[in-house]
Structure formats: C-alpha cells, structure tokens
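# Overview (structure and organization)
Next come the chains, spelled out residue by residue.
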Amino acid sequence: MAIPNTPQTPRGLAQEKFNAARANLLVMIGFTLLNVILALTGTSTMMLFSATFPYVMAVVATITDIPALQGILLGVAIVAIVPFFLCWIFSKRRYGWLIAALVMFSLDTLFMLGFYLRGEEWSGILDVVFHIWIIIYLAQGIKYGYRLKTMPPEETPMLTQEMPGAPAQTASTQETTPLRRADTEVKHRVLLEVQASGYHISYRRVKRTNELVINGYVYGEMEMLIETPHQLCAVLGGHRIVAGYTGIHSYIQVDGTQLAKKMRL
C-alpha cells in the first residue's frame, strides 16, 4: 500500500527540514563514535561524515606509551562526543540546542583545518566538504526550528489515510474498512490510548510505522523513519476518529473533540 507523503504546507516543509538537520547530526555522532572505535583497534579506515577532534584524540592515545596519558586522551575523545548527543536529544523540543551543536561543530571544523594546514595535508578535502555539509544542515535546522516555533498550530498539516480498495476517507461519513487485526505480540510502543463512544482507541508505533488501532483492528497506518506531523483517520458508527502527531504532541480526537493529548519527548 502506498504511504502518503507529508503535505507540502509551510509547517510540513519546516518540520521536514528540521528533522533532516537532526538526522544528519545523529549520523555524524554515530560515525564519530565508530571512528574512535576504529582508531582504538588500529584500523586505518576513517569515516568522513564525522567530527575530527575526537578521532585525533583517539589516534594520539593509541600511539603514546604513557598509560595515564592514554586514558586521559581516550576520555577526552569520548567526552567530546557526549555534548553532540545531548544536543540531538534535547533539540527535538528546543531548536536552540542545534545552535550549540553548530557552534561546537564549527570549532571542530576550525580544528580540522588547522590540523590539515599544519601538516600540509591536502588529501582531506573530502573531509572539509562533509564538514560544510553538516554545518549547512545544522544552520538550516536552526532556521526552520525557529519557524516551527513561531508558526500557529493551525498550520499543522493534516493527512488522511488511503485504504486499499477504497477511496480516501476525508470528512465523509462512509464507514472505514479495517486493514487487518492488530498484532498484539509484535513489539510496539503505545503513544496514546483512550476509551470513548464504545471504542478502545490506541495510537501506537510498531518499528517505523504509526498505527491507529480501534477495538483491536488497524484502521490507519503510516510508515516513516523520522516522524513528521501527520493524522490517521477512521469513521466508525458515524463517529470520526482521529489520531496524530503535531510535531510536539500526540493526540486523539473523536468527532472534532480532543480527548487526549501528550507531549512527545
């Protein structure tokens, strides 16, 4: 079944750009940690999409013969990664944490340039390119994070879910056909659930898919690696049931009345 994309509204686009910045930050953190591990194992391979300072500290730690200094340098390498990870975690709620990440990564870029220039090493040009890539994405994340903060909630994109073999359910009263029985054995995370109008409504995430589950049946789903604002809808017994994500909160509505709302951390 084709999964609909985020609608091209101003808020939807801003959320997409903001999420892309955070995704790039997380990938950089992962590659940096991998580089430190590779350096400690004596591997000469280096992942380019990463911070330079922690890797250099790890390399120096492997070539020094002083155990105490090795421990200090390795500790510095690990500690230098932690602030980036904290920025990634907390930036989901406050875009200002991306400013901190941008400042730190800009300093890392200056360190990298000084390191290459002092050693007259010009083979690291690709490393420079990837550093610029990350800086651009972080700056973009700050820009669109600010826009998201200043945009009114009403601009949140609203999606409807297409059901196989049936027309899209929008504001009509046509009964929605369930996709399948919900798998209760699969590992999942319940984002929000309520009991209303004789229905048990659950909004949950299974791996990369968000599902609207009503009385044990899946009535809407949307697959996405990084969650963006969306809405899953179903019409049952004349009631319009909606579950979704605003970019900040999960919520469940029945007939236009919001019954539950929870901030997503």
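Residues numbered from 1 in each chain as written. Predicted model: local features only at pLDDT ≥ 70, side-chain atom pairs only at ≥ 80, totals over all residues. Heavy atoms only, no water.

## A closer look at the pattern of salt bridges
Note on pairing: side chains with opposite charge can pair once their charged atoms come close. The line we're drawing: What counts as a salt bridge is simple: a side-chain nitrogen of Lys or Arg found within 4 Å of a carboxyl oxygen of Asp or Glu. Each helix is a run of DSSP H or I of at least 4 residues and each strand a run of E of at least 2, with the numbering of both proceeding from the N terminus. Any residue under 20% of the maximum accessible area for its type is buried, any over 50% is exposed, and the rest in between are partly exposed; the area is computed with a 1.4 Å probe on protein chains only.
One pass over the structure, following the stated rule, counts five salt bridges. A salt bridge links Glu221 to Arg180, with the shortest nitrogen-to-oxygen separation between them at 2.6 Å. Note that Glu221 is positioned in strand 5 (residues 217–223) and Arg180 in strand 1 (residues 180–181), a separation of 41 residues in sequence. You can call Glu221 buried: its relative accessible area is 14%. Within this structure, Arg180, Arg204, Glu211 and Glu221 form a network of salt bridges that share partners.

## Description of helix 5 (residues 125–150)
Defined as follows: Each residue after the first adds 1.5 Å to the expected span of a helix. Working rule for contacts: check all heavy atoms of both residues, and any pair within 4.5 Å makes them a contact.
With 26 residues, helix 5 extends 38 Å from end C-alpha to end C-alpha; this agrees with the ideal 38 Å at 1.5 Å per step. Of all the residues in helix 5, the buried ones are Asp127, Val128, His131, Ile134, Leu138, Gly141, Ile142, Tyr144, Gly145 and Leu148. In this structure, the buried side of helix 5 is in contact with helix 1 (10–40) and helix 4 (96–118).

## Observations concerning the confidence of the model for the protein chain
Basically, it comes down to this: pLDDT is defined as a per-residue confidence score from the predictor, taking values between 0 and 100.
In the predicted model, the protein chain carries a mean pLDDT of 84, and the fraction of residues at 70 or more is 86%. Low pLDDT, under 50, characterises residues 1–8; the stretch is placed with 21 contacts to residues that sit more than four places away or in other chains. Counted against residues more than four places away or in other chains, residues 154–171, with its pLDDT under 50, gives 52 contacts.

## Description of unusual backbone geometry
One non-glycine residue, Ser197, adopts positive backbone phi at about 50°. Relative to the helices and strands, Ser197 resides in the loop between strand 2 (189–196) and strand 3 (199–206). For Ser197, a relative accessible area of 45% gives the class partly exposed. At Lys207, a residue that is not glycine, the phi angle is positive and equals roughly 55°. Its place among the elements puts Lys207 in the loop between strand 3 and strand 4 (209–214).

## A few points about the packing of helix 1 against helix 4
The line we're drawing: Helix axes are fitted to C-alpha atoms over the stretch in contact, other axes to C-alpha atoms as well, and angles between N-to-C directions run from 0 to 180 degrees. Any angle that falls under 35 degrees is termed roughly parallel, while one over 145 is termed roughly antiparallel, one within 65 to 115 roughly perpendicular, and all others oblique. Crossing chirality is assigned from the near helix's rotation relative to the far helix, an anticlockwise turn below a right angle marking it left-handed and a clockwise turn marking it right-handed. Each residue gets one of three labels, nonpolar for Ala, Val, Leu, Ile, Met, Phe, Trp, Tyr, Cys and Pro, charged for Asp, Glu, Lys and Arg, and polar for the others, Gly among them.
At a closest axis distance of 12 Å, the pairing of helix 1 and helix 4 adopts a crossing angle of 45°. As far as their axial angle goes, helix 4 and helix 1 are oblique. Crossing handedness for the pair helix 1 and helix 4: left-handed. Every residue of helix 4 that contacts helix 1 at Phe18, Ala21, Arg22, Leu25 and Met28 is listed here: Leu98, Ala101 and Phe105. The residue inventory of the contact of helix 1 with helix 4, partitioned by class, reads seven nonpolar, no polar and one charged.

## Quick look at the sheet that holds strand 4
Here is the rule we go by: Between any two strands, pairing holds if DSSP finds at least two bridges.
One open sheet holds the five strands; their spatial order is 1-5-4-3-2, and the pairing between them is antiparallel. Here the strands that pair on one side only, and so sit at the sheet edges, are strand 1 and strand 2. Pairing of strand 4 with strand 5 involves six bridges; the strand directions are antiparallel. Considered in strand 5, the bridge of Ile214 is made with Tyr217.

## As for the pairing of strand 5
Along strand 5, five of the seven residues are buried, which leaves the element largely enclosed by surrounding structure. Here strand 4 folds back onto strand 5 in antiparallel fashion, the turn holding two residues, of which Asn215 has a positive phi close to 50°.

## Re the environment of Thr257
Relative to the elements of secondary structure, Thr257 occurs in strand 9 (residues 257–263). Here the alpha-carbon distance between Thr257 and Val242, two residues 15 residues apart in the chain, equals 9.6 Å.

## Some details on helix 4
Relative to the 33 Å expected for 23 residues at 1.5 Å per residue, helix 4 spans 34 Å between its end C-alpha atoms, a close match to the ideal helical length. Inspection of helix 4 places Leu98, Ala101, Leu102, Phe105, Asp108, Thr109, Met112 and Tyr116 among the buried residues, and these make up the whole buried set. Against helix 1, helix 2 (53–63), helix 3 (67–90) and helix 5 lie the buried residues of helix 4.

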